[in-house]
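What follows is each chain in one-letter form.
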Amino acid sequence: MVTANKEATYNSAIEGDIVVTRLDAVINWIRSNSIWPMPMGLACCGIELMGAGGARFDIARFGAEVMRFSPRQSDCMIVAGTVTYKMAPHIRRIYDQMASPKWVIAMGACASTGGMYRSYSTMQGVDRILPVDVYISGCPPRPEAILDALIKMQEKIRREPSARMLFKEEYKG
Amino acid sequence: MSDAISETNTTATSGIVATLREKFPQSAEKITPRASADHPAVNVPADAAMAILTYLRDEHGYEMLSDLTAVDWAEGASPRFTVVWHLLSVTINPGVCLRVAADCASDTEPEMPSVADIWPAANWHERETFDMFGIVFTGHPDLRRILMWDGYPHHPLRKEFPLAGMDDELPDPEVEAETKARLVAAPMAGGPFVASTGNLNLAESEPRAKDQSWSEENPKAEGPKG
Ligand code: SF4
């Protein structure tokens, strides 16, 4: 929304109470600054996610402090931890219960690739069952990395053709 | 392990073996000392295991079952499965465990009486042993898998089960149909990764693949197995 072109910016003297912009920009601005995460804490990474939510790192600065433990109220699933095959279907079902639009962050080595668990019980990356938007490396990633991933995801959301997606069947959720 | 300690253990073991033989004369020849590097250990026959364990708990103060597990000796070995109970007395001799072991009679459908009635702690341990080894604990109040899901077809700690796992179906057919994801054998890439013990230089002792000549990008050279 912010542009260096003075002509295109809001001038109350000329335009009164009217702001002219693109629908995409408004929708994406709203969405990207109010992401309600679904904290899918499955293992040790969950602790670091709590750290990112605490006062020291304060994920609220980026508008994502409202951790919702109900999928129906959240729009970004943060998969924080080891995805076992036993747990995987439940994760997918929780994801399916989230309303569109929704995004997924795979946090840590385990959620991204299975990590050090090259074994019979661990799914080798949650992207086998979920469409992951951002991967975070680390075991566990530091809270700064989570914030960085969040900022990357906000950038991604701001590039989305949201207005067009509103009228597409598959996005109606 | 110093000689002094193993000597104490040998003495303790032979004491326990003598006591048990006296109390259970009909199984006397099957009650034997068991090789052990640390704690006293005895072998007992499976059919008398329940009576012996109850006796140890009631008369010798082993009021706590600190662990229950099993050994799979090898595919084709006989006896193949051995169940091991770790008993602890917190009143008489805390710090020394008594290890009691019994071989399962059947190598294909191993069974062992459940001790969940006399030590409630055994409940989940027996479920885990059942899950991992497929040993059925007769008389268990609720013998379901505990780590893997109901319906999983394998017992992962059996010797014939590969560490990487086997291709299989997801626990939930709906999710499998939706995502096309399945259980797949994990890429081992030269693993399992083992630490070299006794090496104080941590850079050298950290876990490494035994065979680093191949990886996911460079396939393993064809050759004799192992
Ligand atoms: S990536 Fe590391 S810290 Fe995170 S869940 Fe896996 S093992 Fe734990």
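Note that the structure is a prediction, hence the values are computed from the model and not measured.

Conventions adopted
- Residues numbered from 1 in each chain as written.
- Chains lettered and ligands numbered in written order.
- Predicted model: local features only at pLDDT ≥ 70, side-chain atom pairs only at ≥ 80, totals over all residues.
- Heavy atoms only, no water.
- Near = heavy atom within 4 Å.
- Nonpolar A, V, L, I, M, F, W, Y, C, P; charged D, E, K, R; others polar.
- Helix = DSSP H or I, 4+ residues; strand = E, 2+ residues; numbered from the N terminus.
- Buried < 20%, exposed > 50% of the residue type's maximum accessible area, 1.4 Å probe, protein only.
- Domains from an automatic or database assignment.
- Contact = heavy atoms within 4.5 Å.
- Buried area = accessible area lost by both parts, 1.4 Å probe.
- Salt bridge = Lys/Arg side-chain N within 4 Å of Asp/Glu carboxyl O.
- Core = buried A, V, L, I, M, F, W, Y, C linked by side-chain atoms within 4.5 Å.

**Describing the site of the ligand**
- Lining the immediate environment of the ligand, one finds Ala43, Cys44, Cys45, Gly81, Thr82, Ala109, Cys110, Met116, Gly138, Cys139 and Pro140 of chain A.
- In the shell around the ligand, the residues fall into eight nonpolar, three polar and no charged.

**Quick notes on the environment of glutamate 174 of chain B**
Residue and element names in this part refer to chain B.
- Residue placement: glutamate 174 occurs in helix α4 (residues 173-179).
- For glutamate 174, a relative accessible area of 57% puts it in the exposed group.
- Residues glutamate 174 and valine 194, spaced 20 residues apart in sequence, show a C-alpha to C-alpha distance of 38 Å.

**Here we look at the domain arrangement of chain B**
- Taken domain by domain, chain B consists of domain 1 (2-138), domain 2 (152-185) and domain 3 (187-220).
- Once you take the C-alpha centre of each, domain 1 of chain B and domain 3 of chain B turn out to be 36 Å apart.

**Some words on helix α2 (residues 23-32) of chain A**
- Of all the residues in α2 of chain A, the buried ones are Asp24, Ala25, Ile27, Asn28, Arg31 and Ser32 of chain A.
- Of the surrounding elements, those touching the buried residues of α2 of chain A are β3 (103-107), α6 (143-158) and α7 (162-166) of chain A.

**Description of the environment of aspartate 67 of chain B**
All names here are of chain B.
- Following the sequence through the fold, aspartate 67 ends up in strand β3 (residues 64-72).
- Accessibility expressed as a relative area gives 27% for aspartate 67, which makes it partly exposed.
- Counting along the chain gives 20 residues from aspartate 67 to leucine 87, while the straight-line C-alpha distance between them is 7.3 Å.
- Ignoring anything within four residues of it in the chain, the contact list for aspartate 67 reads Val84, Trp85, His86 and His125.

**Considering the interface of chain B and chain A**
- Across the contact, 27 residues belong to chain B and 13 residues belong to chain A.
- Buried surface at the junction of chain B and chain A, both sides included, amounts to about 1,700 Å², of which 63% is carbon and sulfur.
- Contact with chain A buries surface across chain B, with Val175, Thr179 and Val184 of chain B losing the most and accounting together for 21% of the total.
- In this structure, the connection of chain B to chain A is made through three salt bridges.
- For glutamate 178 of chain B, the salt bridge identified is with arginine 92 of chain A, shortest N-O distance 3.2 Å.

**Some details on the nonpolar core**
- In terms of nonpolar packing, the biggest core is built from 62 residues, with Trp85 and Leu87 of chain B touching the most fellow members.
- Sorting elements by how many residues they give to this core places helix α2 (residues 46-60) of chain B first, with seven residues.
- Taken domain by domain, the makeup of this core includes at least three residues from each of domain 1 (2-138) and domain 2 (152-185) of chain B.
- Ignoring any residue separated from it by four or fewer positions in sequence, one finds tryptophan 85 of chain B in contact with Ala49, Leu53, Leu65, Asp67, Leu68, Leu98, Arg99, Val100, Ala101, Ala102, Met112 and Val115 of chain B.
- Grouped together as the second largest cluster of nonpolar side chains are 21 residues, Ala52, Ile105, Ile146 and Leu147 of chain A included.

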